[in-house]
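# Report on the structure
Spelled out from the first residue to the last, the chains are:
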Amino acid sequence: MVKYTLDTPITKLPRINEKYLKKLNKLGINNVRDLLFHFPHRYNDFSNIKNINQLKVGEIVTIQGKILKINNHYTFKRRMTLTEASIQDKTGNVRVIWFNQPFLIKNLKEGKLISLSGKYAMGPKGPYLSNPNYELLNLYKTTTHTAGLVPIYPETMGLHSRFLRYYIKLILPSIVLLKEFLPTDILKKHNLQNIQTALRNIHFPTNLKLADEAKKRFTFEELFLLQLFVLKQKIRLQRENAFKIIFDKNLIQKFVKNLPFRLTDAQRKSLWEIIQDMEKSKPMNRLLQGDVGSGKTVVAAAAALETAKEGFQVAFLAPTEILAQQHFKQIKNLLKDFDIEIGLLTGSSKKINKKTKIIIGTHALLQKSVKFDNLALVIIDEQHRFGVEQRATLLRESTQIKTQINTKIPHLLSMTATPIPRTLALTVYGDLDVSLINEMPKNRQKIITKIVPPNERKQAYEFIKREIKTGRQAFVICPRIESSIQPPESPLLEGQLKISTSKLLWAEVKAVKQEYEKLSKEIFPDLKIAMIHGKIKAKEKDKIMSDFRNKKTDILLSTSVIEVGIDIPNATVIIIEGADRFGLAQLHQFRGRVGRDKHQSYCLLFSTSGEATARLRAMQKYDNGFDLAEKDMEIRGPGQFYGLAQSGMPDLAMASLNNLELIKTVRHEALELFKKDFHLKSYPFLLEKLNKFKQSIHLE
Ligand code: ADP
Ligand code: MG
């Protein structure tokens, strides 16, 4: 008998008061459906059912019998209430003790039949069943909390598995209302339980194998939806039109010849992949991935040049204003012989006109309703820094601008230093093609990284002085100072300042200012030091960066505003204060500010406590982003590492992000299904489910 529909709010369930409601909401549970899909993360195995005369000390057991006696007493020695009971079955008696649960005697009355699961332990007064799970037995002797496999759920303060178990059992009959949305042949082919069976088995399995199979079904389901989601985007995009950018061999040859260095093979290959993509009339959606300093900018500049020379517009987006300024100058310089209008558009500056072909900017660029007539290429630098939501907006906006004016969509080139493992390339990034710059320019030396103990600080400063004497420059990075405030995994970007509390920012500014006083007055009175942070006006920032680039200053003291992209090839030392407060990816990005030319470079790490943490040691040991990413993922897990934790990616899919085989299988099935029926006309339940999934997930 079905009492509750799937949409019944949990407030309609018996005895859910305000207090429980809040806690349930906190777990994301609002209605019966949510509760049914709150899965256990493990099971207690209480299937070892014994007669009392068979009990062995140390075993986890279940016994069932009659309550002979039960009472509370307080022990002053242990400062707690003990509830002590004597239970009898047909073979003997056993002593049971619960700790600090005096309320138990209200329900567990003498004479009642009870089922108990827990550890049979040895105490000073002999063996006893210690703090067991309990439940009174009804006529049918069905159990929920004892005997058999008992589910343990993700809990929150004051809301325990016992509570969740009770309610899930109560609403379990409602699962007959759930419609199977996975295609029958897929269920059959991969031996998957149907949705109703799987739900029963994931909550109350009769054995672990069934529980595993249930989990497998839900994992498959989540990955399948994810695949359908990204593949649909990919296929859709392939059906759109884009401007064809015809490869101009002479132009590219001239560009490459003009460069002050030789392109690496990896740069050439990536550029070639991009050129070929853009020659097609369907939009490119390519991710250019290469470690910090591997030279992604020139590749993008070449693509921009081709596009502009064909008479089309290019939008080049950077996550910070400082970086946009830098790109503006660098690209102007790279393309100076090609007679192309290049403009800059950020929150604070607007240097564009009608003839501007390449518009460089922050995301303000797309929000400021710039009138693009024929935008044919969008380049997003450091795309991982845009935040998942922002990336989605960017894409949507860039495609919408186009559709209003003509029916073509721009090619998209995103760039990142974050390594994308194969599993992610096939899931979250499944709609992208990837180009990889897997080698560094030949002129580079390995950056020497050292964790500096506090007593060697002086030598470190002396070292900087010597480097500067030989003509080099240095960065000093300061984190926020207030110890009560943890730095977020991704630091503040200028565009995000609004959402951060100004308190945080001021703490950060204070730290840099103090450090500035110290360095300029006490440590390096003879050197020219500049300071930069998020509170400084954009114009001023630009001047500070230009002065540093033009070697008018020796040391640049900065917060994380220069974390990504900044390119000062003459800088050879970076000191990172409070390095233990930064994430590995951040530290690697900071380090990438040096070692961008032929000079030997150094990264000196100071930790707040003076201790070397696992992260800092990893920095010392590994110099390339791939190794560090692996280490980072080990420490934080892939969800955190890729910033997917907030993306609405379902748990089981997230947990299986390292299962390449499964991902390939699921992807294959999704592709086959789309080949048969792209609009899922024959699969209405699946379509409905996919639409819901789309709303819950925000990947780019
Ligand atoms: P990233 O991939 O981190 O964005 P950039 O594009 O900023 O790296 O390049 C880093 C530095 O290396 C820049 O100063 C750039 O001029 C230089 N560079 C790029 N390609 C090469 C190359 N093939 N040989 C030598 N230097 C290069
Ligand atoms: Mg870059």
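Note: the structure precedes this text.
So, on to the overall build of the protein. For the protein, the count of helices and strands is 23 helices and 21 strands. When its C-alpha atoms are laid out on the principal axes, the protein stretches across 95 × 70 × 40 Å. Looking at the 700 residues of the protein, the share that counts as buried comes to 55%. Taking as baseline every contact in the protein between residues at least 6 positions apart, the subset at least 24 positions apart corresponds to 73%. Carbon and sulfur atoms make up 52% of the accessible area of the protein, which amounts to about 32800 Å² in all. Here the protein holds 111 positive side-chain charges and 70 negative ones, and the gap between their average locations is 4 Å.

This paragraph deals with the site of ligand 1. In the vicinity of ligand 1, 18 residues are found, and the nearest of them are Arg262, Gly293, Thr297, Arg444 and Arg596. Contact between ligand 1 and Lys296: an oxygen atom at 2.9 Å from a side-chain N or O atom of the residue. Between an oxygen atom of ligand 1 and a side-chain N or O atom of Arg444, the distance comes to 2.6 Å. Compared with its free state, where it exposes 570 Å², ligand 1 has 90% of that area covered by protein. For the shell around ligand 1, the per-class residue count stands at five nonpolar, seven polar and six charged. Residues from two domains meet in the shell around ligand 1; each of domain 2 (249-437) and domain 3 (448-622) gives at least three.

Within the structure shown, the criterion is met by 24 salt bridges. A salt bridge links Glu273 to Lys269, with the nearest nitrogen and oxygen atoms 3.4 Å apart. With Glu273 and Lys269 both in helix 8 (residues 265-278), this residue pair falls four residues apart, about one helical turn. Judged by relative accessible area, Lys269 falls into the exposed class, the value being 54%. The shortest N-O distance in the salt bridge between Lys442 and Glu439 comes to 3.2 Å.

Here we come to the packing of helix 6 (residues 208-239) against helix 23 (residues 684-696). Running from N to C, helix 6 and helix 23 cross one another at 80°; their axes reach a closest spacing of 10 Å. One way to sum up the angle between helix 6 and helix 23 is to call them roughly perpendicular. Residues Glu221, Glu222, Phe224, Leu225, Leu226, Leu228, Phe229 and Lys232 of helix 6 lie in contact with helix 23, whose contacting residues are Leu686, Leu687, Lys689, Leu690, Phe693 and Lys694. Here the residues of the contact of helix 6 with helix 23 are counted per class, giving nine nonpolar, no polar and five charged.

Before going further, it helps to spend a moment on the pairing of strand 16 (residues 448-451). With burial as the criterion, only one face of strand 16 is covered, namely that bearing Thr449 and Ile451; the residues Ile448 and Lys450 on the opposite face remain uncovered. One ladder, built from four bridges, connects strand 16 with strand 21 (residues 602-605); its direction is parallel. Following the sheet pairing, Thr449 is matched in strand 21 by Cys603.

Pairing is mixed across the open sheet formed by eight strands, whose spatial order is 11-10-12-9-13-14-8-15. What marks the edges here is a single partner per strand, and that holds for strand 11 (350-351) and strand 15 (433-437). In the sheet, strand 9 (residues 313-317) pairs with strand 13 (residues 375-380) via five bridges, with the strands oriented parallel. When the bridges of strand 13 are listed, Ala315 appears paired with Val378. Helix-sheet contacts for helix 10 (residues 321-334) involve strand 9, strand 10 (342-345), strand 11 and strand 12 (358-361), and the interaxial angle to strand 10 is about 175°.

To continue, consider the sheet that holds strand 19 (residues 555-558). The parallel open sheet is built from six strands, whose spatial order is 16-21-20-17-19-18. Every other strand in the sheet has two partners, leaving strand 16 and strand 18 (529-532) as the edge strands with one partner each. Strand-to-strand twist of the sheet, defined as the mean angle between neighbouring strand axes without regard to direction, takes the value 15°. Pairing of strand 18 with strand 19 involves four bridges; the strand directions are parallel. Residue pairing for strand 19: Ile532 is matched across the bridge by Ser558. Across the face of the sheet, helix 14 (residues 457-469) comes into contact with strand 17 (473-477), strand 19, strand 20 (571-576) and strand 21 while running at roughly 160° to strand 20. Against the sheet, helix 16 (residues 538-549) contacts strand 17, strand 18 and strand 19, and its axis sits at roughly 145° relative to strand 18.

With that settled, consider the packing of helix 8 against helix 9 (residues 296-309). Axis separation between helix 8 and helix 9 bottoms out at 9 Å; the angle between their running directions is 30°. Here helix 9 runs roughly parallel to helix 8, going by the angle between their axes. The handedness of the crossing between helix 8 and helix 9 is right-handed. For the pair helix 8 and helix 9, contact is made by Gln267, Leu271, Ile274, Ile275 and Met278 and by Val298, Val299, Ala302, Ala303, Glu306 and Thr307, respectively. Each residue belonging to the contact of helix 8 with helix 9 can be placed in one class, and the counts come to eight nonpolar, two polar and one charged.

What counts, and at which threshold
- Residues numbered from 1 in each chain as written.
- Chains lettered and ligands numbered in written order.
- Predicted model: local features only at pLDDT ≥ 70, side-chain atom pairs only at ≥ 80, totals over all residues.
- Heavy atoms only, no water.
- Helix = DSSP H or I, 4+ residues; strand = E, 2+ residues; numbered from the N terminus.
- Buried < 20%, exposed > 50% of the residue type's maximum accessible area, 1.4 Å probe, protein only.
- Contact = heavy atoms within 4.5 Å.
- Areas by Shrake-Rupley, 256 points an atom, 1.4 Å probe, with all protein chains shown as cover.
- Lys, Arg positive; Asp, Glu negative; His and termini not counted.
- Charge placed at Lys NZ, Arg CZ, Asp CG, Glu CD.
- Near = heavy atom within 4 Å.
- Polar contact = N/O pair within 3.5 Å; in protein donor to acceptor, adjacent residues only side chain to side chain.
- Nonpolar A, V, L, I, M, F, W, Y, C, P; charged D, E, K, R; others polar.
- Domains from an automatic or database assignment.
- Salt bridge = Lys/Arg side-chain N within 4 Å of Asp/Glu carboxyl O.
- Axes fitted to C-alpha atoms, helices over the stretch in contact; angles between N-to-C directions.
- Parallel < 35°, antiparallel > 145°, perpendicular 65-115°, else oblique.
- Pairing = 2+ DSSP bridges.
- Left-handed = near helix turned anticlockwise from the far one by under 90°.

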